[in-house]
Amino acid sequence: MASSQVTSSQSPMPPRPNLAFRRLRGQRSPAEFAAAVRRAAREIGERVSCDARYVGRVEAGEIRCPNYAYERVFLHMFPGRTLTDLGFAPRATVRGRRGRDASETPGAYEPYDTQDTQDPDETYDNYEESDVLRRAFMTGGGATVAAASLGPIGLAADATAAVRPVRRAGASEAGALEEAVRRIRLLDDRHGADGLYRRAAAPLRAAYALLDAGATRQTTADRLHSGAGELAISVGWLAHDSGRFDDARSHYAEALATARVTGDDALEAHAFCNTAFLARDAGRPREAVRAAQAAQRVARPLGSARLMSLLSLREAGGWAGLADRTGCEQALARAQAYFERGLCDADPEWMSFYGEAELEGLEAQCWSALGDWRRAARHARRAADLQDPHFTRNIALYTAELADDLARGGRPDEGAAAGLRVLELLGEVQSSRIQTMLAGTARVLLPHRRAAGVSAFLERHASTPRTA
């Protein structure tokens, strides 16, 4: 054993308050500052779940060095400053497993993104947790999820392996679960669902095994229930986007049940939101309307106008599927009015995808369902132009919507050109939904196949392999 190893009898040094960071917050409340951090993250395409509690932990010195995502955000917010200027310790001084001399095992631990302190009920190193998560979710694009697991919580990673019993869960397990949700969503935004769905089943089983094992604290139990529900929705969305509607319905129902058991209104609204979207895509528009209205009833007290905007759009999609133009237009007007109220601290973290581009894209789908191709194409084009490049899947989706609207609206050359742009993106995006849309566009364009642009699209489409 190396002489530098810290024994379990040694007490950790008490944290030192981060006064520099506190000064940077100024007169803003912790919640206001956290909202500013989330806005800055969106500006650079990062995702962080900063809240007042996180700001408090930084200022108390509990987080000596932020993870890499927060580091990029903080340096963006305060240009010209270093982490040291912000009151943080150099990363090298907090790297690696606690108590292990870096010279003891050269190269054994790579840089990681982690918060470097533990809650009292954690019984293993956050450093090891973060390394496993980083390896599982960040080391190779969409194929990475082949290795996806919540390894630190002691559950089986392989989708076919039996889940092993676990001890009562602590804050580290809850953190690992929350991070798994973020990574899956991030990979889906960039690569689409088809390559991710089956491999995401293992973390979901692990999450519900944690619930069965129980937690050391009520606050941890609440985080585990919320995280498991959000993970069920994320996995359900992967099934939804890859055309596995029955699986998606089951996962959304699981999330809804979890929300009802714990009285989690935010989770319930999210589950109803996705259920409405699925019902519309599955050809059950009346169910889509009912689910969207239920979501709005639950979400109204939460105080997020952006959430109410999205839920109104889900309702509009149901009315469009019922060919009820009046109901659709009324819901669209509500969605726009809510959207114009802007962002607020109550907006859920999972709604980072919902901006003006998504608003335009969902409205395009409504007009398409109502057969107003010209209007649909206008909104779809605007959606594709507005979309942040980070959301590659959505760019492909909006452009596929545009291609179909143009083709059906009597503009085959423009539709074929848009279709070719989508085919260019399919190398990094795997989505059965987008492929199904392109197949429909190809059928519409067949009578125009003698046109040069249409012919090029049809030939390229025919030679593009479909996702299994």
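Refer to the structure presented above.
Anyway, here's the lowdown on the structure attached to this text. Please read all numbers here as calculations on a predicted model, not as lab measurements.

Thresholds, definitions, all that
- Residues numbered from 1 in each chain as written.
- Predicted model: local features only at pLDDT ≥ 70, side-chain atom pairs only at ≥ 80, totals over all residues.
- Heavy atoms only, no water.
- Helix = DSSP H or I, 4+ residues; strand = E, 2+ residues; numbered from the N terminus.
- Buried < 20%, exposed > 50% of the residue type's maximum accessible area, 1.4 Å probe, protein only.
- Core = buried A, V, L, I, M, F, W, Y, C linked by side-chain atoms within 4.5 Å.
- Contact = heavy atoms within 4.5 Å.
- Salt bridge = Lys/Arg side-chain N within 4 Å of Asp/Glu carboxyl O.

Here alanine 323, not a glycine, exhibits a phi torsion of approximately 60°, which is positive. Relative to the assigned elements, alanine 323 resides in the loop between α12 (305-321) and α13 (325-339). A residue is classified by how much of its surface remains accessible, and alanine 323, at 60% relative accessible area, is exposed.

All right, on to the nonpolar core then. Leu231, Leu310 and Tyr354 are the most contacted members of the largest nonpolar core, which totals 68 residues. Once residues lying within four places of it in the same chain are set aside, the contact partners of tyrosine 354 are Arg306, Ser309, Leu310, Leu313, Phe339 and Leu359. Within the second largest apolar cluster, 23 residues are counted, among which are Ile395, Leu425, Leu426 and Leu445.

Counted according to the given criterion, the structure contains 18 salt bridges. We note a salt bridge from arginine 393 to aspartate 241, for which the minimum N-O separation is 3.7 Å. Of this pair, arginine 393 sits in helix α16 (residues 392-408) while aspartate 241 is found in helix α8 (residues 218-241), placing the two residues 152 residues apart along the sequence. With relative accessibility at 5%, the residue arginine 393 sits in the buried group. Aspartate 241 gets classed as buried once you look at its relative accessible area, which sits at 0%. Put simply, arginine 249 and glutamate 287 hold a salt bridge, and the shortest N to O gap is 2.9 Å. With arginine 249 in helix α9 (residues 245-262) and glutamate 287 in helix α11 (residues 285-299), this pair connects stretches of sequence that are 38 residues apart. Connected via shared salt-bridge partners are Asp241, Arg393 and Arg433.

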